Structure formats: C-alpha cells, structure tokens
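Listed below, chain by chain, are the residues.
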Amino acid sequence: MRRESYTHYSNCLNRDMNMMIYGGGDGAWPVIVFPSQDGMCHDYENFGMIDALSDFIEVGDIELFCVDTVDRESWSDKEGDKGHRAWMQEMYYCYIVNEVVPVVKEISGSSRPPLVTGCSMGAMHAAIAFFRRPDIFGGMIGLSGVYDTNYFFDGWMNETLYDNAPLAFLKNMPLDHPYIRLYNKRAIAVCVGRGAWEDDGIRSAYRLDDILRSKGVSAWVDFWGYDVNHDWDWWRKQIRYFMPYALADMKLHESGVI
C-alpha cells in the first residue's frame, strides 16, 4: 500500500500543515479524511482506520488524504474569544476548500469530487465542507458527529460561526436553492450509535435528518444499537459498512444513471 507524508504551507492559516496519503492509482476515488477533535493527520492510521479500509485502498477503489486540524484554536478553546474561535474555523474551512482540494486534485490526478469523512469532530468538519460546497465535494460519511454549534459555543452565534453551523444554515436554506438539487446528486451517510457518549450525537442526527427531509434531500441517517459507543472500535466497523454505499452512489451519479 502506498503511504506518503506531505507538508505544505497554508496561506489561510499561516503555518505548515500536514497530510498523510494512502493508496492511489487510476480510478481511485479521492477521500479527504478529517481526524477527531484536536487530532492530526496520523490519527486515522494510529487508530486502525487505514487497516479497516485496507482492501478498498489496495484494490485501488479509494485514495485517502488525511489532514491536520486547528481545533485547539477553534472548537476546543472554550475559554478563548468566541469571535476569534469562529474566525479560526472559517480559516480552516478556507484552507480545506482553497488549498487542500487543489492538492488532492493534483496528486490524485482525478477530476472526481472528493468524498469527505470523519469521526466525532471530524464528522462536523466533513458536514461543514460538504453542505457548504456540494459543487466541490462528491459526498460525505459522518460518524458520531455533533452538528450543532451550541454544543461548542454555548448558544453564541455570529455570521462567521453561522456559516459553519450546518443545522442553522440548512434549516434556513430556501427550498429552491440550487444546492438542494446538488445534495440529491451526492452520497450522504450519517451514522450514530445509541451507546455511551452518543447522546448529543443522537439529538444532532435527529435534527439533521428532520431538516434534510423537510428540504426534500435524500440522505441515509442511520442509528445503530445501544451497545454502539462513541469509540474507534465502532467507527472501524461503520466506515467499512458505509464506504461501499458511498462509492456506489457516487459512481451512479457520475454515470448519470440517477
């Protein structure tokens, strides 16, 4: 399996940022992977997620681009200035869209819109990127995410944070917004367990499901059992379960079948 480290300077964040790249080859679908809260690009491998997807990687189905985060300066900095925290998240979003996506296209050699995925806080990052720019991203797999900024900002909101609040901006999206049509041409899978440490994720997933349904958006929002905890053991199972669906769905849309 190809395994490569990549470092580049981010003008959005004014620092070096790292990626780990796994797999590749003709026909491999590019996948941008966000780590869990405060995580970095090595976490996906360190917690066994690369092993869980190794057969998809080795046969050339997917090419993974695992990125760093700046969560400690945004979502996690509970004592910090809220306006600065929101701005740092916005700059991170700009980094993904304006700097990571071009790198992914250059390295992969693929014109396919990348799939985005992540666990826990990584699922929130995936949702922000995907729902803000379905014209750029081919789909999302969100595992055990909390998509409500109130959980992190105690009810505080400004325009910058609003743009990074999927439950808020999706709720207010007009039914005739062109992104509604695009969402229905993408693969959307959201999963949360009903076990330990998943209460906030359950509430968030139900709200996301209700909002998407009210907009006529087809998405797979799946609630797993009461033994399914907010932990890597289950995320390894879930990513294997949802990856074939996402790939099949994106390829059907790509071919114009649906």
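Definitions and limits used
- Residues numbered from 1 in each chain as written.
- Predicted model: local features only at pLDDT ≥ 70, side-chain atom pairs only at ≥ 80, totals over all residues.
- Heavy atoms only, no water.
- Helix = DSSP H or I, 4+ residues; strand = E, 2+ residues; numbered from the N terminus.
- Disulfide = S-S within 2.5 Å.
- Expected span 1.5 Å × (residues − 1).
- Buried < 20%, exposed > 50% of the residue type's maximum accessible area, 1.4 Å probe, protein only.
- Contact = heavy atoms within 4.5 Å.
- Salt bridge = Lys/Arg side-chain N within 4 Å of Asp/Glu carboxyl O.
- 1 Å grid on protein atoms, 1.4 Å probe; cavity = no way out; pocket = protein on both sides within 12 Å on 5 of 7 lines; lining within 4 Å.
- Points joined across faces, edges and corners; volume = space filled by probe spheres on them.
- Nonpolar A, V, L, I, M, F, W, Y, C, P; charged D, E, K, R; others polar.
- Core = buried A, V, L, I, M, F, W, Y, C linked by side-chain atoms within 4.5 Å.
- Pairing = 2+ DSSP bridges.
- Polar contact = N/O pair within 3.5 Å; in protein donor to acceptor, adjacent residues only side chain to side chain.

> Got a minute to help me understand unusual backbone geometry in this structure?
Working note: non-glycine residues mostly have negative phi, and peptide bonds are mostly trans. Of note in the backbone geometry, asparagine 14 takes a positive phi value of approximately 60 degrees without being a glycine. Tracing the sequence through the fold places asparagine 14 in the loop between strand E1 (3-10) and strand E2 (15-23). In this structure, tryptophan 197 is a non-glycine residue whose phi angle is positive, near 65 degrees. Within the fold, tryptophan 197 resides in the loop between strand E7 (187-192) and helix H10 (199-214).

> I would appreciate a short explanation of the state of the cysteines in the present structure.
Formally, a disulfide is one covalent bond, and it connects the sulfur atom of one cysteine to the sulfur atom of another. For the structure shown, the criterion picks out zero disulfides. Left unpaired, cysteine 66 is separated from the closest cysteine sulfur, that of cysteine 41, by 7.5 Å.

> Any chance you could explain H10 here in plain terms?
If you check H10, its first and last C-alpha atoms are 23 Å apart, about what 16 residues at 1.5 Å a residue would give, namely 22 Å. Here H10 has its buried residues at Gly201, Ile202, Ser204, Ala205, Leu208, Asp209, Ile211 and Leu212. Buried residues belonging to H10 abut helix H5 (121-132), helix H8 (166-171), E7 and strand E8 (220-223). Looking at the residues trailing H10, positive phi occurs at glycine 216, about 75 degrees.

> Could you clarify how one ought to interpret the pattern of salt bridges in this entry?
Working definition: two side chains of opposite charge can pair if their charged atoms are close together. In total, this model carries 13 salt bridges according to the counting rule given. Between glutamate 4 and arginine 2 there is a salt bridge whose closest N-O contact spans 2.8 Å. Via salt bridges that share partners, Arg2, Glu4 and Glu63 belong to a single interconnected network.

> Where do I start with the layout of surface pockets in this structure?
Regions of empty space are outlined by a rolling probe, equal in size to a water molecule, passed over the atoms. The space that makes up the largest pocket amounts to roughly 190 Å³. Lining the largest pocket are 13 residues, with Gln37, Ser120, Val146, Tyr151 and His230 sitting closest to its centre. Contributing elements (two or more residues each) for the lining of the largest pocket: helix H6 (150-153) and H10. The residue makeup of the lining of the largest pocket, split by class, is five nonpolar, six polar and two charged.

> I keep staring at the nonpolar core and nothing clicks. Help me out?
Note on soluble globular proteins: their nonpolar side chains tend to be buried together. Counting 61 residues, the largest nonpolar core has Phe131, Phe137 and Tyr183 as its most contacted members. The element contributing the most residues to this core is helix H4 (residues 82-108), with 13 residues. Phenylalanine 137 has contacts with Ile32, Ile96, Val97, Val101, Pro113, Pro114, Val116, Ala129, Phe130 and Arg186, leaving out every residue within four places of it along the chain. In terms of nonpolar packing, the next biggest core, distinct from the first, is built from 34 residues, Trp232, Ile239, Phe242 and Ala246 among them.

> What exactly am I supposed to notice about the pairing of E1 here?
Bridging between E1 and E2 involves eight bridges; their strand directions are antiparallel. Looking at the pairing, arginine 3 lines up with tyrosine 22 of E2. Hairpin remark: E1 followed by E2, antiparallel, with four residues in the connecting loop; positive phi at asparagine 14, about 60 degrees.

> Help me out: how do you make sense of the side chain of glutamate 63 in this one?
Topologically, glutamate 63 is positioned in strand E4 (residues 62-67). Glutamate 63 gets classed as buried once you look at its relative accessible area, which sits at 2%. Of the polar contacts made by the side chain of glutamate 63, one reaches the side chain of arginine 2; its length is 2.7 Å. Discounting residues that sit within four places of it in the chain, glutamate 63 has contacts with Arg2, Ile21, Tyr22, Gly23, Gly24, Ala28, Trp29, Pro30, Val31, Ile107 and Ser108.

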